[in-house]
Structures are given as C-alpha cells and as structure tokens.
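Okay, here's what each chain looks like letter by letter:
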Amino acid sequence: MGRIDKNNYYLDICETVLERGTCLRRNFAAIIVKHDEIISTGYTGAPRGRKNCCDLGYCRREELNVPRGTRYELCRSVHAEQNAIISARRQDMLNATMYLVGKEQKTGEYVHNASPCTLCKRFIINAGIEKIIIRDTKTNYREIYIQEWIDNDDSLQGDSSY
C-alpha cells in the first residue's frame, strides 16, 4: 500500500477536527498549515459560552428552510474558517495553506461543491493565507489560490457551503 500524499494527510486530520462540529445541518473543519506545521484548527460551533444547536436540539435555519448560503444572521455558529483564523497569529498565517472539509450532518456525505462563504473569504484574504485545499471526496480535492479571489472581486459576493 502506498504512502498517503501530504494534502490528503492534512485533509484527514481536518476530517477528524470536523467531528467536534456542533451544527445540525452541515459541519466543517479547517486547519491552517505553514511550513508543514499545523498553525491552528477550527470547526463549526457556537461562540464560547453559548449553547450549540446540537445542545438545543434544533437549527433555526433548518426550521425555516433557509437556503444554503443565505441568512447567516440566523445561524448560531462561527464558521470553521473563522475559528481557525482567530486562533492563529497573522504572521503565522501569511502564505499558509488552509485545508477545508465539510460533511452533511444527516447523510455524512461530503458537502457538494464546498466553498467558503463570502465573509470567510474576506477573513482568509485578510489573514494572508495563500491557498485553500478543499476535499470533494475521500481522495479528491480542489486547490484554490486566494489571489484568484482578489483578482476576481465578484467572487467575494455570492453563495456559500453553510
């Protein structure tokens, strides 16, 4: 059996972090890596000290059938990307790579066409992260260079995976 490649190694770690997620719709996890060292991790969950949806037993956005990528103000959670970013120093994130994995809570399937929301994209840009690697299947992933978002300002408006 062959050795796992480095990107899938970090995506597998990210998938383990995802198991801490508290969202009843879809859980995400993010890890930030620089020079082959994990700088920080984050998963979807309510701000510290507040009850999580899994503790309350309901998701407000789910109850209201809110479409994916809309009405963030109704969500209790802080996104995985945001949690990873606020747990790291900016100087450590400059030119780093963020790994992202998302799974549907009900089915356990990977989130189809996962992508950071527009607010998370802004956080990622300001953090100085160079690229993001997103898992699509257990062995396949996409690599996005953040400069593409900066060059195409329209990408900072639109859909989200959450």
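Residues numbered from 1 in each chain as written. Predicted model: local features only at pLDDT ≥ 70, side-chain atom pairs only at ≥ 80, totals over all residues. Heavy atoms only, no water.

As recorded by an unreviewed UniProt entry, the protein chain carries the name Deaminase and is attributed to Clostridium tanneri. Of the protein chain, the UniProt comment under Sequence similarities (unreviewed entry) reads exactly: "Belongs to the cytidine and deoxycytidylate deaminase family." What UniProt states about the protein chain under its Cofactor (unreviewed entry) heading is, verbatim, "Zn(2+)". (UniProt positions renumbered as here; feature names shortened; annotations may be inferred.)

**Student:** How would you sum up the UniProt feature "domain: CMP/dCMP-type deaminase" (unreviewed entry) in the protein chain? Please name residues and give values.
**Tutor:** The residues that UniProt annotates with the feature "domain: CMP/dCMP-type deaminase" (unreviewed entry) are residues 5-148. Secondary structure content for residues 5-148 is 31% helix and 24% strand, while the C-alpha to C-alpha distance between its ends is 25 Å. (Helix = DSSP H or I, 4+ residues; strand = E, 2+ residues; numbered from the N terminus.)

**Student:** Now, about the pairing of strand E4 (residues 131-135): what can you tell me, with residues and values included?
**Tutor:** With five of five residues buried, E4 lies mostly within the body of the structure. Covered by surrounding structure in E4 are Lys131, Ile133 and Arg135 together with Ile132 and Ile134, the residues of both alternating faces. Alignment of strand E3 (residues 97-104) against E4, held across four bridges, turns out to be parallel. Bridge pairing in E4 places tyrosine 99 opposite isoleucine 133. With respect to chirality, the unit in which E3 leads through helix H6 (residues 118-127) into the neighbouring parallel E4 is right-handed. By the bridge criterion, five bridges tie E4 to strand E5 (residues 141-145) in an arrangement that is antiparallel. In the strand pairing of E5, isoleucine 134 is matched with arginine 142. Hairpin geometry of E4 and E5 is characterised by an intervening segment of five residues between the two adjacent antiparallel strands. (Buried < 20%, exposed > 50% of the residue type's maximum accessible area, 1.4 Å probe, protein only. Pairing = 2+ DSSP bridges. Right-handed = clockwise from strand over helix to strand, strands pointing away.)

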